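Topology and contacts: notes
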Amino acid sequence: MVANLRQFADINVLASQANWDWPGALRDIFRPRGVNLLVAENTNDIVNVLRHRQISMTIVDTDCEQADLWTLKIIRMEQPLMPCILLASRVTGAMLEKALQLDAFSVIDKPVDMNILKDQLNRLFVKRYGSHIFSV
């Protein structure tokens, strides 16, 4: 089902905190497109943001988690249909299977190739919202 992106006053993307300059790299992609980046320090912040803001999608760095895809599980409890891209430095078959079960949009190897991320963002926004905001 394609949701209407215009239902959001702003286009907000929620990203989990990472142990590298992740927010800076994302802002370079999002700012020129008018997309707002919200960065959550921990799982409690993610839950709070999901409860109080309109979020278009999430990006989760799985290397900063304490347990297997715990953050995605929490996101699914709060927003079962929220599109999510996962980042991981060690992608295993078991991780891909869990990501598939939890309906992750994609899993991207770290270090993140920003062209691959932009391609995945474009695919996600076209498929979910019918928007080509990341195709430029």
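All values derive from a computational prediction rather than experimental measurement. (Residues numbered from 1 in each chain as written. Predicted model: local features only at pLDDT ≥ 70, side-chain atom pairs only at ≥ 80, totals over all residues. Heavy atoms only, no water.)

Concerning the environment of Ile 108
- Note on placement: Ile 108 falls in strand β5 (residues 106–109).
- Owing to a relative accessible area of 4%, Ile 108 belongs among the buried residues under this scheme.
- Measuring from C-alpha to C-alpha, the distance between Ile 108 and Arg 90 comes to 9.9 Å, with 18 residues separating the pair along the chain.
- Those residues in contact with Ile 108 that lie beyond four places of it in its chain are Ile 85, Leu 86, Leu 87, Ala 88, Ile 116, Leu 117 and Gln 120. (Helix = DSSP H or I, 4+ residues; strand = E, 2+ residues; numbered from the N terminus. Buried < 20%, exposed > 50% of the residue type's maximum accessible area, 1.4 Å probe, protein only. Contact = heavy atoms within 4.5 Å.)

Remarks on helix α1 (residues 22–30)
- Buried within α1 we find Trp 22, Pro 23, Ala 25, Leu 26, Ile 29 and Phe 30. Along α1, the residues classed as buried sweep out an arc of 160° about the axis, all on the same side.
- Looking at the buried positions of α1, the neighbouring elements they touch are β1 (11–16), β2 (35–40), β3 (57–61), β4 (84–88) and α5 (114–129). (Arc of directions from axis to C-beta.)

Comments concerning the pattern of salt bridges
- Applying the stated criterion across every chain, the model contains three salt bridges.
- The shortest N-O distance in the salt bridge between Arg 51 and Glu 78 comes to 2.9 Å. You can see Arg 51 sitting in helix α2 (residues 43–52) and its partner Glu 78 sitting in helix α3 (residues 70–78), a full 27 residues away along the chain.
- Judged by its relative accessible area of 56%, Arg 51 falls in the exposed class.
- Taking the relative accessible area as the measure of exposure, Glu 78 reaches 25% and is therefore partly exposed. (Salt bridge = Lys/Arg side-chain N within 4 Å of Asp/Glu carboxyl O.)

Let's talk about the packing of α2 against α3
- Across the interface, α2 lies against α3 with an axial gap of 10 Å and an inter-helix angle of 25°. The angle between α2 and α3 places the two elements in the roughly parallel class. By crossing handedness, the relation of α2 to α3 is classed as right-handed. Contacts between α2 and α3 involve Thr 43, Ile 46, Val 47, Leu 50 and Arg 51 from the former and Trp 70, Thr 71, Ile 74, Ile 75 and Glu 78 from the latter.
- Residues of the contact of α2 with α3, tallied by class, amount to six nonpolar, two polar and two charged. (Axes fitted to C-alpha atoms, helices over the stretch in contact; angles between N-to-C directions. Parallel < 35°, antiparallel > 145°, perpendicular 65-115°, else oblique. Left-handed = near helix turned anticlockwise from the far one by under 90°. Nonpolar A, V, L, I, M, F, W, Y, C, P; charged D, E, K, R; others polar.)

Observations regarding the sheet that holds β1
- Spatially, five strands are ordered β2-β1-β3-β4-β5 in an open sheet, and the strand pairing comes out parallel. The open sheet terminates on both sides in strands that have one partner only, identified here as β2 and β5. Between one strand axis and the next, the sheet turns through 20° on average, direction left out of account.
- Where β1 lies against β3, three bridges are found, and the strand directions are parallel. Directly across from Val 13, in β3, lies its bridge partner Met 57.
- Taken strand by strand, α1 contacts β1, β2, β3 and β4, and its axis lies near 165° from that of β2. (Pairing = 2+ DSSP bridges.)

Taken by themselves, the reported measurements are silent on function.
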